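Chain and residue survey
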Amino acid sequence: MSVSDPIADMLTKVRNAAVARHEKVDVPASKIKLEIVKILKTEGYIKNFKKISQDGKNSIRIFLKYDDTNAPVIHDIQKVSTPGRRVYSGYKDLPRVYNGYGTVIVSTSQGVTTGKKAVEKMVGGELICTVW
């Protein structure tokens with residue numbers, strides 16, 4: 001089975017694993033996915049991640065994070081841009097996610113970053129996903 005949108009596939013795996021209270025989830029590795037996972041870690045949505053290699057295939061193992069009541073820290077994670085509908089935004093028009101509690105992940109000319117950092121650097125780009 002080929003996946004036409006590997007990032008959406010990764011986000012879905014993370015979302016489903018969090019709802020099912022899994023400790024970790026493995027997703028096929030790519031540079032952009034690694035950047036997204038790094039941001040999730042920096043923003044405190046996941047505990048940790050590590051690159052693993054099995055049978056010559058590289059994967060990213062994402063360790064999910066839960067609060068004191070065992071509720072997942074990631075309430076929702078949604079893909080914004082799809083292969084059929086790319087969504088771009090200038091830095092002045094970047095959306096606020098969940099009234100500022102969430103994070104928007106943007107692919108800019110200076111790499112993958114959060115909405116806050118994109119505004120600081122004054123760069124817009126393609127909206128990848130929102131997390132809260």
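Let us look at the structure shown here. Everything numeric here is computed off the predicted structure, so don't read it as measured data.

What counts and what doesn't
Residues numbered from 1 in each chain as written. Predicted model: local features only at pLDDT ≥ 70, side-chain atom pairs only at ≥ 80, totals over all residues. Heavy atoms only, no water. Helix = DSSP H or I, 4+ residues; strand = E, 2+ residues; numbered from the N terminus. Buried < 20%, exposed > 50% of the residue type's maximum accessible area, 1.4 Å probe, protein only. Lys, Arg positive; Asp, Glu negative; His and termini not counted. Salt bridge = Lys/Arg side-chain N within 4 Å of Asp/Glu carboxyl O. Contact = heavy atoms within 4.5 Å. Phe/Tyr/Trp six-rings, centres within 6.5 Å; stacked < 30°, edge-to-face > 60°. Pairing = 2+ DSSP bridges. Axes fitted to C-alpha atoms, helices over the stretch in contact; angles between N-to-C directions.

**A short note on the side chain of K33**
- Residue position: K33 is located in helix α2 (residues 31-42).
- Despite being buried, K33 has no salt bridge partner; D9 is the closest side chain of opposite charge, sitting 5.7 Å away.
- Residues within four places of K33 in sequence aside, it is in contact with P6, I7, M10, P28 and I60.

**Digging into the packing of aromatic side chains**
- The tally for this structure, following the rule as stated, stands at one aromatic pair.
- Ring geometry for Y98 and W132: centres 3.8 Å apart, planes at 5°, overall stacked. Here Y98, found in the loop between β5 (88-89) and β6 (103-108), pairs with W132, found in the segment after β8 (125-131); they are 34 residues apart in sequence, far enough to count as distant.
- With a relative accessible area of 47%, Y98 lands in the partly exposed category.

**So, the sheet that holds strand β2 (residues 46-54)**
- As summarised here, the arrangement of the three strands in space is β1-β3-β2, forming an open sheet in which the pairing is antiparallel. Taken across any chain shown, the strands that pair with only one partner, and hence form the sheet edges, are β1 (24-28) and β2. Put simply, the sheet's adjacent strands are angled 25° from each other on average, direction ignored.
- Two elements, β2 and strand β3 (residues 57-64), share eight bridges in a ladder whose sense is antiparallel. Its bridge partner lying in β3, F49 is registered against I62.
- Most of the contacts of helix α1 (residues 6-19) go to β1, to which it runs at about 170°, and overall it touches β1 and β3.
- Each of β1, β2 and β3 is contacted by α2, which is oriented at about 155° to β2, the strand it contacts most.

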